[in-house]
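Letter by letter, the chains look like this.
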Protein chains: 4
Amino acid sequence: MIAGMGTDFDLIIRGGQLVSAAGPIAGDIALRDGRIAALGDVGTAAARVVEAEGKLILPGGVDAHCHIEQRSGMGLMNADTFETATRSAAMGGTTSVISFAAQTKGQRLGDAVADYATRAARGAAIDHAFHVMVTDTGVERFAEDLAHLIEAGHRSVKVFTTYDIRLEDAEILAVMDVMRPLGGLLCVHAENHAMIARATAALLADGQTRPEHHAASHPRMAEIEAVARMIRFAELTGQPAMLFHLSTPEAADQVRGARRRGIPVWSETCPHYLLMTKEVLRREGLEGAKWMCSPPQRGESDCAGLWEAIWREDIQVISSDHAPYRFDESGKLRAGPEARFDEIANGLPGLETRLPLLFDAIVSNGRGSVADFVRLTATAPARIYGLAGKGDLRPGMDADLVVWDPERSVTYGADDLHDNVGYNPWEGRQITGWPERVFLRGQEIVRDGGFYGLPGAGQLIPRPDPGVTAR
Amino acid sequence: MIAGMGTDFDLIIRGGQLVSAAGPIAGDIALRDGRIAALGDVGTAAARVVEAEGKLILPGGVDAHCHIEQRSGMGLMNADTFETATRSAAMGGTTSVISFAAQTKGQRLGDAVADYATRAARGAAIDHAFHVMVTDTGVERFAEDLAHLIEAGHRSVKVFTTYDIRLEDAEILAVMDVMRPLGGLLCVHAENHAMIARATAALLADGQTRPEHHAASHPRMAEIEAVARMIRFAELTGQPAMLFHLSTPEAADQVRGARRRGIPVWSETCPHYLLMTKEVLRREGLEGAKWMCSPPQRGESDCAGLWEAIWREDIQVISSDHAPYRFDESGKLRAGPEARFDEIANGLPGLETRLPLLFDAIVSNGRGSVADFVRLTATAPARIYGLAGKGDLRPGMDADLVVWDPERSVTYGADDLHDNVGYNPWEGRQITGWPERVFLRGQEIVRDGGFYGLPGAGQLIPRPDPGVTAR
Amino acid sequence: MIAGMGTDFDLIIRGGQLVSAAGPIAGDIALRDGRIAALGDVGTAAARVVEAEGKLILPGGVDAHCHIEQRSGMGLMNADTFETATRSAAMGGTTSVISFAAQTKGQRLGDAVADYATRAARGAAIDHAFHVMVTDTGVERFAEDLAHLIEAGHRSVKVFTTYDIRLEDAEILAVMDVMRPLGGLLCVHAENHAMIARATAALLADGQTRPEHHAASHPRMAEIEAVARMIRFAELTGQPAMLFHLSTPEAADQVRGARRRGIPVWSETCPHYLLMTKEVLRREGLEGAKWMCSPPQRGESDCAGLWEAIWREDIQVISSDHAPYRFDESGKLRAGPEARFDEIANGLPGLETRLPLLFDAIVSNGRGSVADFVRLTATAPARIYGLAGKGDLRPGMDADLVVWDPERSVTYGADDLHDNVGYNPWEGRQITGWPERVFLRGQEIVRDGGFYGLPGAGQLIPRPDPGVTAR
Amino acid sequence: MIAGMGTDFDLIIRGGQLVSAAGPIAGDIALRDGRIAALGDVGTAAARVVEAEGKLILPGGVDAHCHIEQRSGMGLMNADTFETATRSAAMGGTTSVISFAAQTKGQRLGDAVADYATRAARGAAIDHAFHVMVTDTGVERFAEDLAHLIEAGHRSVKVFTTYDIRLEDAEILAVMDVMRPLGGLLCVHAENHAMIARATAALLADGQTRPEHHAASHPRMAEIEAVARMIRFAELTGQPAMLFHLSTPEAADQVRGARRRGIPVWSETCPHYLLMTKEVLRREGLEGAKWMCSPPQRGESDCAGLWEAIWREDIQVISSDHAPYRFDESGKLRAGPEARFDEIANGLPGLETRLPLLFDAIVSNGRGSVADFVRLTATAPARIYGLAGKGDLRPGMDADLVVWDPERSVTYGADDLHDNVGYNPWEGRQITGWPERVFLRGQEIVRDGGFYGLPGAGQLIPRPDPGVTAR
């Protein structure tokens, strides 16, 4: 190769089928300096050539909703550190995560973000960004700090309408008023707190305290009402909003109606709302606790309704909502073997299983195309959250790639995840399609079941744009 | 360059900004054998290098609705031949057209298609496909011929619900029944004939016979009713349908509602519904006749409503509906200087102005992005109509490209179009953004105002897929 | 009684519970000169006093849709004459009917009305009005005749969108244009003809020719489409319309949507859509033919949906659509014992059973109140069709009354109807609630199972008002 | 007249036109023992005969929303006592009122009701009932007391979602849970408190402190959101709800949508939302304060939209929301001549003007019929709130009557109301139609501008029914 001819690539992956959200791309892909340098007929002049005959080459997954190294509302520390969580994510084909920088009561927002960013910089093996999780608007210089963080590129904020860390309507409006002129996205866990408290009290009073009763403790109307209310807040203030983890088609209907009226709202769901029902909570003893999350899984027709909402693009993103608690006294069972459902931490692991489950559900089961899979799990979240360089196969983008074997069938076992949770909620499920090799900015971090990433090699993802400001 | 290294491209366009419907692409584009061979860092090893500094490089336009070398319902031959029409299209940045193979009464469908295809093969300077226009379902072996044509790749069919060439409900259902199992798209000019006849009779009886009265002769309800009816036909039969040239937001609302319910329907509008109002019909004498088309232009709020429908993606495609009649006794004025509105041919030229008008309206006026412009005018029509190799910038696609100058301002004059119509309905309009160079399968056919295409060099576009069968 | 004191009533009915659509009325009812003279404490001074302890006293029923002494679309004469039909109606508690004055092809409208009115004047034992049924708009002086009839008080017109007697869109619009300035109500049998023809042809081609296949031959979409289209005609022209005999909740949804937008439309259903399903068509041999009508009965969930539409007042009227054909070679079986479903006359008797069935369904089964029953079967049709003096218990109204025994249970037998049809489609059904005595303008015409009415005693009901002109 | 014949009525009103919500009634009306004894030809045998030639005889008005002898949220006592308020109501044709028994913080509910009922028993000159206004759910035996009151016939409860007396979501759900099994109607002042606080703070911070800025301090979205939320609460709990004083068509749309889905909700508006706009708040100095109320008046198109909602029956009741404050330092101007809008008491008088304004707006201005007027102002509120014997002209109902002069034109002056407020917000408005004589249970209490009622003669209206439990 003649130097300076511009063809001395670092790496070429050849012989595979490139697929972006726009469809298949003919030819191969060449990388240089951690970026996609060329697509198509890229020649063979590279320091390294990887053969991918019979494989798909896709953008690395973007998981826009996960809890990493975070204290829960119940005071529990997540089972996962940035090191374990990002290792797990990478093993599942994900190269970018957005987790939470969670403010504790009384803490200044900048301190919260600094705390999480420092830990992530040390531990994360893949690229990452943060949703600033606001739980206390009464702290000193709150609005100033929030504005500063957004301008510094932390362009998404998370609030709750339920739990002890919920914000009241007035506080949420105040957060929106700070955000509106700066260009950021407000993410909301939207469930009506009073409805949940009412249902929970009624169940406990009636002695219905098992994990399976968790489902009834979060009435679907709680989600529907709060989603509708948050949409009106977005309409009133003009502040764009993302409705997190929808579990009901009715909530998705609210989003659809709003988007039709031009209100800047988006929504998300998770594999455990699409592929599981509340039946999982009924398992013997406290076993059901392994599947407990909020909002809870619903019924079969809800799964079907959420898939419809996905194909109508009322739901644009599928995230994991990875919330890791061990199934022992350090986590789920902290309140002991007689725990009531309201004493059990909510959440289940999902970083590693998200992409294989969804490839299987979408592509292998014929619900949609490979391009749809890429759009829902990588391209759309990267675009909506403004993650520069992520989620697509275009020259100039980061060389975050997955070499995917569309034929490989795997049955999940109990111990095969690489997080620190200790159980796999999808144990026994057989899926077809598997992430064989994973590249992060051109570096191979996963190969044939082995993890070669480095804690601390993950970078904070730049978010230079003011973020989504319209549909 | 070392032979056999795979880098000996035919052409590299360098220094410009590549933009597809997915967004900007870093680097350059390399072509070989009429296709896009590589994107990104493609080196410089090519037989020819074109410099495009400061320019956009976009997929060539796809105009999915135009009348070329066709007899109108009034027995007029269009002013344009395939040669003049495709020259005009190319000069405006369009590299693919779908025009009509119009059955005459009593004619077998295959004969109609053969007639048009033969003429196109001889005259067309750009690539092309046909909508099979059905006007007589009573001819010998109708269903058999239609099925054969669809299977042969003529995968879209056009019917009218109004004019003398309209089909009755039963005939339209029969066409749909033939199409359904084969995978094709039914395109409909949907206006209620009885409502138009009623309004026309009332106007003529009242002496309201001028071009401006044409607008009232096509009540908006005529469009709304027929669009709603055709949607129900699609729902009943499962046959996908495209609603042509919507002029009212209410019709787009019908499409939206249907798509929400999962019915496979799409819709189209045209620049003259987005950027003109019926005021143009009021000009002195018969001048207004130059702008007469069906459905007619509507009011300001309709223009706004159609733009909204575009951004909500209720309308997915913007076509020209190029329907060329000279403003003389060979065309518009065939019935003489005292012609009543119902004696004047409907239609206006648009092949050449479509892209510049829409780039100006969308990009230069800030309604949307360059990627939106590409999607609406090239990527979406190519995908919906199954035009293989067209409408996107991915390696493997046809090398149909436009080098676009986003800064150049032009004021349209009366004589600056390259069709055979003789007037420019947009005369006097100033626009910003101009197609500077156009490549068809790697051949430069337009450069700096000169046309270098060849009649007969255009090819019939393959449509191998069974076509759209779901949203 | 002292003469001239105004208390010398002709008749007092005492001791019963008066109920109008507004609710219960305390006290008794006094009649004079065929009208309600007083309500409440009316004393006892009357030529005759009827005791009604334990009974309800209700307005006589108004059946706004029935076919009497009419030729069908298949050329059959109905089994009933005005004499037999009105006797049957009266025995079931109905004191007013609106039947059809059906134009034959080529017949002037006035001749049609004169023909029916003459026969009714001779034969009808209860009061009556006519819907002018238009089947041929091409006859001499059509518009003039229609206008004249409306002004003369025949303020409702019936058209079909299906059958051989259907009108085309343009003809229906023309009828509406005549009616609009005069104030009348257009009633429509709205089903899409092409959809029915398509389904029928497919069934016959497939050898599916039994009565049960009649259901599939009238796709629900045929009703939905045509109802939607007629609503748009009402919106375009401003002409009020009544959608006859809805069989699907989706059609009722169209009516609701239209009414919400202020379009003057109403709708009707019948007992056989509310209380029967298409299962009745499956009976052995040709038995199912007894229940064949158009549109056909649908499924369980449709029955439920229609009841909901009634309580939401999207459907305002419940009529019988009495269409009497004997189950022999003079009627249903004219085409012989091997008849295909399309050769069998559509329609079933219902004049006599309508009120007992609905009282049982509404009141005895707890779906609604006595006042609701009165509203749906008497007050609403009288108001909507402008039947002067009918349908309510207010002083000044005609003394059309039913003494109703709410406790009496009856099981319908095969031979217990008083029409000339020869079978009872409701045979075997047990109902609670029975019309014991019936008064027409103060004359007792039914008492304890005996009929005392007189052919020719029925009068043409005046309809002085220009009819409904708004919701 | 022969004694004992049952015709010796106490009073006959003769020669007028009786009209109920069902329409006109022929003949006259006879009263005995405070009730309607007979309608129609009632003879002349009565202790007293009143001639009413040329007049309408209507049910007395029912005002279901007024504040009497009540402390406001700002600690002000209303200007009116039961004596002055009911005198004013009667002079305007109203014979029944529902005012509020307002709980103070810490007060047991029974004590609140006893307090108001005692004062009403002493002072009220017309019949009355109470909405139990809950402001503190934390008091001893709250649920028990509430249940007891409902069972005792106080079948409607009022809560606020804004003001200092607002209840939180959880408290409102708790109130609904108590009510649901008992059968009562929850009335809600529904505005989102946080939105109002946000807007108010922004206005004050910006120095926008005048009465006219009150309008912007209550964003229309505040009403829309809270109405939507309360509807969902009704859906969740099954508890029927009345949405008070709608000021926006969008809120009425929410009610319509809910009623379509079968949710038991109703709504109300007031003359000052139908006939005034926020322009009234702009008058010079603090004059605008006279018209300040919450929610505020809106724009012209809102008035039109509310009328449409009335004719669609999305809004079923028109009340006064009489909230009397004098325009001096004892009332509106308590905070002095420099008061900011948020320091000025909200509310305006309306008991006396409601019926004349609405008769003029509905009947004299041709928007509807006399029957519509009666329905909206008397029949519907009596039925919805279960006021036994009120709101209709049927024998057995209370003889609450108004002799109405439909021709009399009056121009309101500043001093012509009979309440204790001291100004007439409708000063200068000319209306046609006037309540000439008023009868309460057969006693004449108003005649030709003179008031003949007696404080303490009004009775608590029995509400025996469990109240509305379905639409």
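Quick summary incoming for the structure in this document. Everything quoted here is computed from the prediction, not taken from an experiment.

### Here we look at the interface of chain B and chain C
Facing 20 residues of chain B, the contacting portion of chain C comprises 20 residues. When chain B packs against chain C, close to 1,800 Å² is buried across both sides, 66% of that on carbon and sulfur atoms. The tally of links from chain B across to chain C stands at four salt bridges. Across the pair B:Glu225 and C:Arg229 runs a salt bridge, and its minimum N-O distance is 3.8 Å. One can count four residue pairs in polar contact (both at pLDDT 80 or more) joining chain B with chain C. Listed by contribution, the elements that provide at least two residues to the side of chain B that touches chain C are α4 (169-179), α5 (193-205) and α7 (220-237) of chain B. The class makeup of the residues in the side of chain B that touches chain C is ten nonpolar, three polar and seven charged.

### A look at the sheet that holds strand β17 (residues 430-440) of chain A
Neighbouring strands of a sheet are bound in pairs by backbone hydrogen bonds; such pairs are parallel or else antiparallel. Residues and elements named next belong to chain A. Read across the open sheet, the seven strands follow the order β3-β2-β7-β16-β17-β18-β19; overall the sheet is mixed. The outermost strands of the open sheet, each flanked by one partner alone, are β3 (23-25) and β19 (450-451). Against the sheet, helix α12 (residues 370-384) contacts β2 (17-20), β3, β7 (56-59) and β16 (401-411), and its axis sits at roughly 30° relative to β7.

### With respect to the packing of aromatic side chains
One pass over the structure, following the stated rule, counts 36 aromatic pairs over all chains. Aromatic side chains C:Phe100 and C:Phe244 sit 6.3 Å apart centroid to centroid with 85° between the ring planes, which places their arrangement in the edge-to-face category. Placement of C:Phe100 in strand β9 (residues 94-102) and of C:Phe244 in the loop between β13 (241-243) and α8 (249-260) is noted, with a sequence separation of 144 residues between them. For the pair C:Phe100 and C:Phe244, a shared accessibility class is recorded, and that class is buried. What links up through ring pairs into an aromatic cluster is the set A:Phe359, A:Phe373 and A:Trp404. Here A:Lys290 stacks its cationic end above the ring of A:Phe327, 5.0 Å away from the centre of that ring.

### Focus: the pattern of salt bridges
Scanning the model with the defined rule gives 151 salt bridges over all chains in all. Put simply, C:Arg229 and C:Asp169 hold a salt bridge, and the shortest N to O gap is 2.7 Å. Of the two residues, C:Arg229 is situated in helix α7 (residues 220-237) and C:Asp169 in helix α4 (residues 169-179); the sequence distance between them amounts to 60 residues. You can call C:Arg229 buried: its relative accessible area is 6%. Relative accessible area serves as the criterion here: at 15%, C:Asp169 is assigned to the buried category. In this structure, a network of salt bridges that share partners links the residues A:Arg35, A:Asp127, A:Lys390, A:Asp398, A:Asp400 and A:Arg441.

### Quick notes on the arrangement of the chains
The two units chain A and chain C remain apart, with a minimum C-alpha distance of 17 Å. These two, chain B and chain D, are apart from each other, with no contact and a minimum C-alpha gap of 17 Å.

### Some thoughts on unusual backbone geometry
Following A:Ser294, the chain continues to A:Pro295 via a peptide bond in cis, the omega torsion being -10°. Along the chain, A:Pro295 falls in the loop between α9 (271-274) and α10 (300-311). Phi at B:Arg441 is positive, roughly 40°, even though this residue is not glycine. By the element assignment, B:Arg441 lies in the loop between β17 (430-440) and β18 (443-447). Here the phi dihedral of C:Asp33 falls at roughly 55°; this positive angle occurs in a residue that is not glycine. Of note, C:Asp33 is situated in the loop between β4 (28-32) and β5 (35-40). On the basis of relative accessibility, which here comes to 65%, the residue C:Asp33 falls in the exposed class.

### Some remarks on the interface of chain A and chain B
Listed as interface residues are 28 residues of chain A and, on the opposing side, 29 residues of chain B. Taking both partners together, chain A and chain B bury about 2,300 Å²; carbon and sulfur atoms supply 51% of that area. Put simply, chain A and chain B have two salt bridges between them. We note a salt bridge from A:Arg32 to B:Asp41, for which the minimum N-O separation is 2.5 Å. Our enumeration of links across chain A and chain B arrives at ten residue pairs in polar contact (both at pLDDT 80 or more).

Conventions used here
- Residues numbered from 1 in each chain as written.
- Chains lettered and ligands numbered in written order.
- Predicted model: local features only at pLDDT ≥ 70, side-chain atom pairs only at ≥ 80, totals over all residues.
- Heavy atoms only, no water.
- Contact = heavy atoms within 4.5 Å.
- Buried area = accessible area lost by both parts, 1.4 Å probe.
- Salt bridge = Lys/Arg side-chain N within 4 Å of Asp/Glu carboxyl O.
- Polar contact = N/O pair within 3.5 Å; in protein donor to acceptor, adjacent residues only side chain to side chain.
- Helix = DSSP H or I, 4+ residues; strand = E, 2+ residues; numbered from the N terminus.
- Nonpolar A, V, L, I, M, F, W, Y, C, P; charged D, E, K, R; others polar.
- Pairing = 2+ DSSP bridges.
- Axes fitted to C-alpha atoms, helices over the stretch in contact; angles between N-to-C directions.
- Phe/Tyr/Trp six-rings, centres within 6.5 Å; stacked < 30°, edge-to-face > 60°.
- Buried < 20%, exposed > 50% of the residue type's maximum accessible area, 1.4 Å probe, protein only.
- Lys NZ or Arg CZ within 6 Å of the ring centre and 35° of its normal.

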